[in-house]
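A structural walkthrough
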Amino acid sequence: MRLEQITWVQAEAYFKKNDMVMISVGSVENHGQHLAMGTDNIVPARLTDLIEENLQGKMELLIAPHIPYGVADYHRGFPGTMSLGTDLLKKVMNKLCEDLFAYGVRKFIFLNGHAGNTSVLTEVAVDLDTKGALAAIVDWWDCVGDINEKWPNGGHASGVETAAVMGINPNWVHMESCQPLIRHKLAENMPYVGMNKIEYKGVKFLVPRNYRKMVPNGWSGNDHPHTATAEWGKEMLAAVASHVADFIMAFHKVEIE
Ligand SMILES: [Zn+2]
């Protein structure tokens, strides 16, 4: 049930019986030369549809409108990236959750499309816990390797995300423009080896910078975008949605201390 499509009368009736709401958060940012800027909105939108299908006839779940902007300041070196930033996203989430809390919501599902949002959502969840509510953060890309070991936990615009978008709409994937993975070096003896991480004499240190200064092509990860297929994407999203729907039903029953 979508909050946008019901009346306040229906919303009031829902809140009398239910204390759970799902809200998804995304981002508008660089996703390499091959993926749409809205990838982190496109994937949660499809997962939301699939989760709703999975819950059909089993559990009523109110779904609040998606938040399309997140924390992506470190992608601003790539034109088109738009970011609320950490402080503003936290304010937005706290305010919206406060409204829902006032209507009786005590269980929140944050369906997240973007790793840059996770630390803010974690802070919001801890604030909600202090107030006597509970929030679960679903970082979908982090679930895939646990659900099926043949799927890697994805990087940024790497195989996992590319497959997901291919499985939703191949027109939003431009593999002909995909460039090789290039990682810059901070110095000759300090190559970037992972997100914000350089390695010096075998030991890793965090030296966070604008993403373009670390990976000029805008994607990184161990799973190359060329490994992606639409079939993989469809199967992966279906499996994630099924598992998350199952989790939501179990989470619904958790007693808040
Ligand atoms: Zn993404």
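Residues numbered from 1 in each chain as written. Predicted model: local features only at pLDDT ≥ 70, side-chain atom pairs only at ≥ 80, totals over all residues.

Let us now look at the overall build of the protein chain. Helix and strand counts for the protein chain stand at 8 helices and 8 strands. Expected size for 257 residues packed as a compact globule is a radius of gyration near 18 Å; at 19 Å, the protein chain falls within 12% of this value. Along the longest, intermediate and shortest principal axes, the C-alpha atoms of the protein chain span 60 × 40 × 30 Å. The 257 residues of the protein chain split such that 40% are buried. (Helix = DSSP H or I, 4+ residues; strand = E, 2+ residues; numbered from the N terminus. Rg over C-alpha atoms; globule rule 2.2 N^0.38 Å. Buried ≥ 20, exposed ≤ 12 C-beta atoms within 10 Å, placed from the backbone.)

Backbone hydrogen bonds are what pair the strands of a sheet, in a parallel or an antiparallel way. Pairing within the open sheet is parallel, and its 4 strands lie in the order β2-β1-β3-β4. Pairing within the sheet leaves two strands with one partner each, and these edge strands are β2 (62-63) and β4 (134-139). Its contacts with the sheet put helix α4 (residues 118-131) on β1 (20-25), β3 (107-112) and β4, and the angle it makes with β4 is roughly 165°. (Pairing = 2+ DSSP bridges. Contact = placed C-beta atoms within 7 Å. Axes fitted to C-alpha atoms, helices over the stretch in contact; angles between N-to-C directions.)

Direction vectors running N to C along helix α3 (residues 86-102) and α4 enclose 35°, while the axes themselves pass 9 Å from each other. Seen along the crossing, α3 lies across α4 with a hand that is right-handed. For the pair α3 and α4, contact is made by T86, L89, K90, M93, N94, C97 and F101 and by V120, L121, E123, V124, D127, L128 and K131, respectively. Classifying every residue of the contact of α3 with α4 gives 8 nonpolar, 2 polar and 4 charged. (Left-handed = near helix turned anticlockwise from the far one by under 90°. Nonpolar A, V, L, I, M, F, W, Y, C, P; charged D, E, K, R; others polar.)

Attention now goes to the packing of helix α2 (residues 39-55) against helix α6 (residues 159-168). Two elements in contact, α2 and α6, have axes separated by 10 Å at closest approach and are oriented at 60°. What the angle tells us is that α2 and α6 run oblique. As α2 packs across α6, the resulting crossing turns out to be left-handed. Residues T39, I42, V43 and R46 of α2 pack against E161, A164, V165 and I168 of α6. For the contact of α2 with α6, the per-class residue count stands at 5 nonpolar, 1 polar and 2 charged. (Parallel < 35°, antiparallel > 145°, perpendicular 65-115°, else oblique.)

A word on the domain arrangement of the protein chain. What the domain assignment lists for the protein chain is domain 1 (3-181 + 223-252) and domain 2 (182-216). The C-alpha-based centres of domain 1 and domain 2 are spaced at 28 Å. Taken residue by residue, the interface counts 8 residues in domain 1 and 6 residues in domain 2. (Domains from an automatic or database assignment.)

Turning to the sheet that holds strand β7 (residues 197-200), a few remarks are in order. The 4 strands lie next to each other as β5-β6-β7-β8, forming an open sheet whose pairing is antiparallel. Looking at strand neighbours, the two that pair on one side only are β5 (185-187) and β8 (203-206), the edges of this open sheet. Each adjacent strand pair in this sheet contributes to an overall mean axis angle of 40°, direction not counted. Note: strand β6 (residues 190-194) against β7, 2 bridges, orientation antiparallel.

Right, let's get into the environment of G113. Its place among the elements puts G113 in the loop between β3 and α4. Distance in space between the C-alpha atoms of G113 and D246 is 19 Å, their sequence separation being 133 residues. Filtering out sequence-adjacent residues up to four positions away, G113 remains in contact with S24, V25, G26, S27, D40, N41, V43 and P44.

Residues three or four positions apart in an α-helix share a direction because the helix packs 3.6 residues into each turn. Taking 1.5 Å of rise per residue, 17 residues should cover 24 Å, and α2 covers 24 Å from first to last C-alpha, within 8% of that figure. Regarding α2, the residues found buried are T39, D40, N41, I42, V43, P44, R46, L47, I51 and L55. The inward-facing, buried residues of α2 contact β1, β3, α5 (140-147), α6 and α8 (230-252). One or two steps after α2, the chain reaches G57, where phi turns positive at roughly 80°. (Expected span 1.5 Å × (residues − 1).)

Sheet topology note: the β5/β6 ladder contains 2 bridges and is antiparallel. Residue pairing for β6: A187 is matched across the bridge by M190. Between β5 and β6, which pair antiparallel one after the other, the connecting turn spans 2 residues.

Formed by 65 residues in total, the largest nonpolar core has its most connected members in F108 and F110. Among the elements that make up this core, the one with the highest residue count is α8 (8 residues). The residue makeup of this core includes at least three contributed by each of domain 1 (3-181 + 223-252) and domain 2 (182-216). Setting aside chain neighbours within four positions, we find F110 in contact with I23, V25, L121, A135, A136, I137 and V138. (Core = buried A, V, L, I, M, F, W, Y, C linked by C-beta atoms within 7 Å.)

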